[in-house]
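The chain contents come next:
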Amino acid sequence: MQGTLSVWLAKRGLVHRSLGFDYQGIETLQIKPEDWHSIAVILYVYGYNYLRSQCAYDVAPGGLLASVYHLTRIEYGVNQAEEVCIKVFTHRSNPRIPSVFWVWKRITYDSHPRLKRILMPESWIGWPLRKDYIAPNFYEIQDAF
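Residues numbered from 1 in each chain as written. Predicted model: local features only at pLDDT ≥ 70, side-chain atom pairs only at ≥ 80, totals over all residues. Heavy atoms only, no water.

Participant: Just give me the short version of helix 2 (residues 33-46), but keep the residues and values in it.
Facilitator: Across its 14 residues, helix 2 extends 20 Å between first and last C-alpha, which sits within 8% of the 20 Å expected from 1.5 Å per residue. Largest kink in helix 2: about 30 degrees, centred on Ile-39. Of the positions making up helix 2, those classed as buried are Pro-33, Trp-36, Ile-39, Ala-40, Leu-43 and Tyr-46. The inward-facing, buried residues of helix 2 contact helix 1 (4-11), strand 4 (64-73), strand 5 (82-91) and helix 3 (101-104). One or two residues past the end of helix 2 sits Gly-47, with phi positive at roughly 125 degrees. (Helix = DSSP H or I, 4+ residues; strand = E, 2+ residues; numbered from the N terminus. Expected span 1.5 Å × (residues − 1). Bend = angle between axes of the 7 residues up to and from the residue. Buried < 20%, exposed > 50% of the residue type's maximum accessible area, 1.4 Å probe, protein only. Contact = heavy atoms within 4.5 Å.)

Participant: Describe the nonpolar core, and please don't skip the residues or the numbers.
Facilitator: Counting 21 residues, the largest nonpolar core has Leu-5, Trp-36, Leu-43, Tyr-69, Leu-71, Ile-86 and Trp-104 as its most contacted members. Mapped onto this core, the elements with two or more residues apiece are helix 1, helix 2, strand 4, strand 5 and helix 3. Those residues in contact with Leu-5 that sit more than four places away from it in its chain are Glu-27, Leu-29, Leu-43, Tyr-46, Tyr-48 and Val-84. (Core = buried A, V, L, I, M, F, W, Y, C linked by side-chain atoms within 4.5 Å.)

Participant: Account for the pairing of strand 2 (residues 27-30), with residues named and values stated.
Facilitator: Within a regular beta strand, the side chains point alternately toward one face of the sheet and then the other, so they alternate between its two faces. As defined by bridge partners, strand 1 (residues 17-21) adjoins strand 2 across 3 bridges and the pair is classed as antiparallel. Residue pairing in the sheet places Ser-18 in a bridge with Leu-29 of strand 2. Of the strand pairs in this sheet, strand 2 and strand 5 are connected by 4 bridges, and their pairing is parallel. Counted as the bridge partner of Thr-28 is Cys-85 from strand 5. (Pairing = 2+ DSSP bridges.)

Participant: Requested: an account of the environment of Ser-53, with residues and values cited.
Facilitator: For Ser-53, the location among the structural elements is in strand 3 (residues 50-58). Once the C-alpha coordinates of Ser-53 and Tyr-69 are considered, the two residues, 16 residues apart in sequence, prove to be 6.0 Å apart.

Participant: Quick rundown of the packing of aromatic side chains? Include the residues and the values.
Facilitator: For the structure on display, the rule yields 5 aromatic pairs. A centroid spacing of 4.0 Å and a plane angle of 35 degrees characterise the contact between Trp-8 and Tyr-46, whose relative ring orientation is tilted. Taken together, the residues Trp-8 in helix 1 and Tyr-46 in helix 2 connect sequence positions 38 residues apart. Taking relative accessible area as the criterion, Tyr-46 reaches 18% and is therefore assigned buried. Their ring planes at 25 degrees and their centres at 6.0 Å tell us that Tyr-46 and Tyr-48 sit as a pair that is stacked. Judged by relative accessible area, Tyr-48 falls into the buried class, the value being 1%. Clustering of aromatic rings is evident, with ring pairs tying together Trp-36, Tyr-44, Tyr-69 and Trp-104. (Phe/Tyr/Trp six-rings, centres within 6.5 Å; stacked < 30°, edge-to-face > 60°.)

Participant: Any chance you could break down the confidence of the model for the protein for me, citing the residues and the numbers?
Facilitator: On average, residues of the protein score 83 in pLDDT, and 83% of them are at 70 or above. Within the protein, helix 3 has the poorest average pLDDT of any element, 81, and strand 2 the best, 96. (pLDDT = per-residue confidence, 0-100.)

Participant: I'd like a description of helix 1, backed by residues and values.
Facilitator: Three or more residues of helix 1 are buried, namely Leu-5, Ser-6, Trp-8 and Leu-9. Looking down the long axis of helix 1, one finds its buried residues gathered within 160 degrees of arc, a one-sided arrangement. Seen from the buried face of helix 1, the exposed residues on the opposite side, beyond 90 degrees, are Thr-4 and Lys-11. In this fold, the buried residues of helix 1 make contact with strand 1, strand 2, helix 2 and strand 5. A positive phi of about 70 degrees marks Gly-13, the residue just after helix 1. (Arc of directions from axis to C-beta.)

And the structure:
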């Protein structure tokens, strides 16, 4: 079953895949990384003017990585705002997704002007939140920032 937004995108020939609905009835759509830039602009123009949250997660050990965007369509006089969840999957060998920071002025990926680690030294090797990460024998907590 497709939701309203999925039908709207399909009528305009915009490539996507409906992943169904979550427990709150919010539709989840999968967008290819190469299409994300243009579809993000289209969604903003369509009225999804608020980026409620953005996160990334490791789908499975050795598998894909996902960037997730929860968008809300806020309109004056509307009690129940429309929401949609967008998932953009990428391969772990070259985990890149086009940046849309300028659309919602929030989080950036490629070409971020000040991308740096948070709460870890710059010398740290690896990405501890990935499922394929192998922890070192020990870590000195006083080295954390």
